[in-house]
Amino acid sequence: KKYKEENGDNHPDRQKVGKVSELGLGFGGWVGAWRQFDSTDTFTDDEVKKNILAWRAASPEIVEMWGGQARGRPWDADYRLERFGFEGAFINAIQYPHAIFESHGIRFFMRGDALIISLRPCGGVRRELTYHSPRLYPSDRGEGLLEIVYMTHNSNPKYGAIGWVPMKTYSGRIAENIVQATAHDIQRYGIKALKAAGYGVVLHVYDENVAEVPIGWGSIEEFETIMGTMPPEMADWPIRAS
C-alpha cells in the first residue's frame, strides 16, 4: 500500500511473489506448493526456495504456530531439539497419553487409541478432529526427530492409495486441518444467522454464501453484516464479509 501511494502503482513483485507466497505457503509448503500457485514459472527452484525462506522470515508467528521439534538450523551452533506449536503438542500428546497439551488455544490429547484435537469454541461448542491410531517413528530429517503416522480413509489420489491407509502428517498439515475446520465453523455460524434473519442460503462455495430472496427484500449490506458477525468467543477476530 505504501509503495503504491509513493509510486502510483503496485510493487512489481506484488503478484508474482507476494500473492503466490500468501496463497501457497501458509501451511508449510515448499517448492511444490509454490509451483501450484505460480502459473508464470518465473523462478528456478533455488530462487523459489529463497522466496519461501524470505516469506517464513517475514511471517514468524505463522511458523511458530505450525511448530516443530527443533529450533534453528541443524548446521548452526544454537540448534537444539525443542517441541513447540501444533506439531510439538501433537507429538507430546501421543507420548504422554494421560495429559492434555495446548497450543494457541487448541487442545491435544489421547482418547483411547485416537488423538483428539479440540478446537477453540465457536458458538459455545468445541469441535474435535480425530486422528486414529497415531504412531511415532524415527525421522530421516535428523537425529532425535520423529515422524507422525496415523490411520485414515484417504479419498485424494495425490496423497496415495484410496481407502483406509496409513498417512503421514506434519506441522503445516496439522495447522491446515485446524485452520480449515475453524473457518468451516465460522462460516457455518454465519449461515445459521443468515437463515434466522430470513436469508435462505441455497449454496456455499469455499468462503462464499449464496441466498435466494424475493426481489426488493433485504440488502447486500445487511447480508454482509450478518455473515461477518463473529461468535462471541471470536468477537475480536478481524474477519469481515464483503
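See the structure shown above.
Residues numbered from 1 in each chain as written. Predicted model: local features only at pLDDT ≥ 70, side-chain atom pairs only at ≥ 80, totals over all residues. Heavy atoms only, no water.

Caption draft 1: Geometry of the pairing of strand S7 (residues 146-154). Relative to S7, strand S6 (residues 128-138) runs antiparallel, the two being bridged by 5 bridges. Counterpart to Tyr137 in the pairing with S7 is Glu147. Bridge count between S7 and strand S8 (residues 163-169): 7 bridges; the pairing is antiparallel. Within the sheet, the bridge partner assigned to His153 lies in S8 and is Trp164. (Pairing = 2+ DSSP bridges. Helix = DSSP H or I, 4+ residues; strand = E, 2+ residues; numbered from the N terminus.)

Caption draft 2: View of the nonpolar core. Ranked by internal contacts, the top residues of the largest apolar core, which has 33 residues, are Phe90, Phe108, Leu115, Ile117 and Ile178. Counting residues per element, this core draws most heavily on helix H6 (residues 85-95), which supplies 6 residues. With residues near it in sequence (within four places) discarded, Ile117 still touches Phe90, Ile106, Arg107, Phe108, Arg127, Glu128, Leu129, Tyr131, Ile174 and Ile178. One finds Leu194, Tyr199, Phe223 and Ile226 within the second-largest nonpolar core, a separate group that totals 6 residues. (Core = buried A, V, L, I, M, F, W, Y, C linked by side-chain atoms within 4.5 Å. Buried < 20%, exposed > 50% of the residue type's maximum accessible area, 1.4 Å probe, protein only. Contact = heavy atoms within 4.5 Å.)

Caption draft 3: Layout of the environment of Ala114. Within the secondary structure, Ala114 sits in strand S5 (residues 114-118). Each C-alpha atom of the pair Ala114 and Pro134 lies 6.7 Å from the other, and the pair is 20 residues apart in sequence. The contact partners of Ala114, leaving out residues within four places of it in the chain, are Phe109, Thr130, Tyr131, His132, Ser133 and Pro134.

Caption draft 4: Spatial organisation of the packing of H6 against helix H7 (residues 171-196). Between H6 and H7, whose axes approach to 8 Å, the crossing angle comes to 95 degrees. Looking at the two axes, H6 sits roughly perpendicular to H7. When H6 is examined against H7, the residues Phe86, Glu87 and Phe90 are found in contact with a partner set consisting of Ser171, Ile174, Ala175 and Ile178. (Axes fitted to C-alpha atoms, helices over the stretch in contact; angles between N-to-C directions. Parallel < 35°, antiparallel > 145°, perpendicular 65-115°, else oblique.)

Caption draft 5: How the structure looks around unusual backbone geometry. Its identity is not glycine, yet His104 carries a phi of approximately 55 degrees, on the positive side. When you line up the elements, His104 lands in the loop between strand S3 (101-103) and strand S4 (106-111). In this structure His104 comes out as partly exposed when scored by relative accessible area, which is 40%. In this structure, Ser133 takes a positive phi of about 45 degrees despite not being glycine.

Caption draft 6: Structural context of the sheet that holds S3. The antiparallel open sheet is built from 6 strands, whose spatial order is S3-S4-S5-S6-S7-S8. Bordering the open sheet on either side are S3 and S8, each of which pairs with just one other strand. Ignoring which end each strand starts from, the neighbouring axes of this sheet average 35 degrees apart. Each of S3, S4, S5, S6, S7 and S8 touches H6; the most contacted strand, S4, lies at about 25 degrees to it.

Caption draft 7: Focus on helix H4 (residues 45-58). Relative to the 20 Å expected for 14 residues at 1.5 Å per residue, H4 spans 20 Å between its end C-alpha atoms, a close match to the ideal helical length. Within the sequence span of H4, burial applies to Val48, Asn51, Ile52 and Trp55. Angularly, the buried residues of H4 cover 100 degrees about the axis, an arc narrow enough to put them on a single face. Along H4, the residues that are exposed and aim more than 90 degrees away from the buried face are Asp46, Lys50 and Ala57. (Expected span 1.5 Å × (residues − 1). Arc of directions from axis to C-beta.)

Caption draft 8: Region of interest: the pattern of salt bridges. Inspection of every chain in the model, using the stated rule, returns 10 salt bridges. Salt-bridge contacts for Arg111 lead to Glu128; the nearest nitrogen and oxygen are separated by 2.9 Å. Placement of the pair is Arg111 in strand S4 and Glu128 in strand S6, with a sequence separation of 17 residues. One salt bridge in this structure joins Arg127 and Asp185, with 2.8 Å as the shortest N-O distance. Taken together, the residues Arg127 in the loop between S5 and S6 and Asp185 in helix H7 connect sequence positions 58 residues apart. Looking at Asp185, the relative accessible area reads 12%, which means it is buried. Taken together, the shared-partner salt bridges connect Glu64, Arg71, Arg80 and Glu82 into one network. (Salt bridge = Lys/Arg side-chain N within 4 Å of Asp/Glu carboxyl O.)

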